[in-house]
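Listed below are the residues making up each chain.
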Amino acid sequence: MSHRKNIVAGNWKMNKNYEEGRTLAREIVAKLKPSETLAILGAPYIHLKGVSHIISDINNLHLAAQNCHQEEGGAYTGEISTGMLRSVGCDYVILGHSERRDYFEESNQLINAKVKKTLADGMLPIFCCGEKLPVREAGDHEKLVAQQVKEGLFDLSATDFSKVVIAYEPVWAIGTGVTASPDQAQEMHAFIRSLVVDQYGEEVADATSILYGGSVKPGNAKELFSQPDVDGGLVGGASLNAADFLAIMDAM
Ligand code: PEP
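Residues numbered from 1 in each chain as written. Predicted model: local features only at pLDDT ≥ 70, side-chain atom pairs only at ≥ 80, totals over all residues. Heavy atoms only, no water.

A. A look at the pattern of salt bridges. Summed over the entire model, instances satisfying the criterion amount to 17 salt bridges. The closest approach of N and O atoms between Arg 22 and Glu 19, which form a salt bridge, is 3.4 Å. With a gap of three residues between them, Arg 22 and Glu 19 both fall in helix 1 (residues 18-31), about one helical turn apart. Residue classification places Glu 19 among the partly exposed residues on the basis of a relative accessible area of 42%. We note a salt bridge from Asp 155 to Lys 116, for which the minimum N-O separation is 2.5 Å. Of this pair, Asp 155 sits in the loop between helix 7 (141-153) and helix 8 (158-161) while Lys 116 sits in helix 5 (residues 108-120), and the two are 39 residues apart along the sequence. With a relative accessible area of 35%, Lys 116 lands in the partly exposed category. Here the salt bridges share partners, and the residues they tie into one network are Arg 4, Arg 193, Asp 206, Asp 229 and Asp 231. (Salt bridge = Lys/Arg side-chain N within 4 Å of Asp/Glu carboxyl O. Helix = DSSP H or I, 4+ residues; strand = E, 2+ residues; numbered from the N terminus. Buried < 20%, exposed > 50% of the residue type's maximum accessible area, 1.4 Å probe, protein only.)

Rendered as structure tokens:
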């Protein structure tokens, strides 16, 4: 029996003003059922402290930032350090999201540095990987994802690696309404887990939570989450609505 955590993480991206964000967090707190499944809210930076207060009494609800800077601090105008995130109650940091990789040209090496800084400051990375459509059509999706995972994570010690949550997010499924089929998700998740077995062994691999992301909705979550290597979801659009987010939690 695996002892890995089931997780549903919302990624609010650049949505909701401060009051709207607090309202969404309150709506989720009001209806979230006690559960073994961990819920995570990935809120914009300015919302973090406010949301942290709202969720602080709920055991299975945690807070994530959507990015961080890899340096300790200093002259990096406009950036946010891991120490700042920790100080407002952040537990997780979403790193390597395809929008960061694409629009902000984040490389595997930069993401690796952010992963290490996040761990060094006592927070847990949610490490995103995934291929674009032409890569899948060329049959190179496993090769690409293997490179992202190896370069992003595989120089971590086993102790550090075991704190990482992986999110497989095929880029062609993010925000498009097109979901990977349960079989496609399972195939890639099993492949990622096999990479972890090779690098860190069965025990660590079995304890690694691998989330699926890409147009997860209340209507498709159950089938995706029922796959043996799918341990939950990273949810964008549907996490902006409390009822949808809670329904996805219920599907776990
Ligand atoms: C995401 O941004 O991580 C994501 C999966 O978005 P969506 O659920 O909207 O496809």
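Picking up after the structure, the text goes on.
B. A look at helix 9 (residues 182-200). Look at helix 9: 26 Å from first C-alpha to last across 19 residues, which is about the 27 Å you get at 1.5 Å a residue. Here helix 9 has its buried residues at Pro 182, Ala 185, Gln 186, Met 188, His 189, Phe 191, Ile 192, Arg 193, Leu 195, Val 196 and Tyr 200. Gly 201 lies just past helix 9 and shows a positive phi near 95 degrees. (Expected span 1.5 Å × (residues − 1).)

C. Molecular detail of the site of the ligand. Contacts to the ligand come from 14 residues, most closely from Lys 13, His 97, Glu 169, Gly 175 and Ser 215. Between the ligand and Lys 13 there is a distance of 2.6 Å, counted from an oxygen atom to a side-chain nitrogen or oxygen. Between the ligand and the protein, one listed contact pairs an oxygen atom with a backbone N or O atom of Gly 237 at 2.8 Å. Looking at the shell around the ligand, its residues break down into four nonpolar, eight polar and two charged. (Near = heavy atom within 4 Å. Polar contact = N/O pair within 3.5 Å; in protein donor to acceptor, adjacent residues only side chain to side chain. Nonpolar A, V, L, I, M, F, W, Y, C, P; charged D, E, K, R; others polar.)

D. Fine view of the state of the cysteines. Enumeration over the complete set of coordinates arrives at zero disulfides. Unpaired in this structure, Cys 128 has its nearest cysteine sulfur neighbour in Cys 129, at a distance of 7.6 Å. (Disulfide = S-S within 2.5 Å.)

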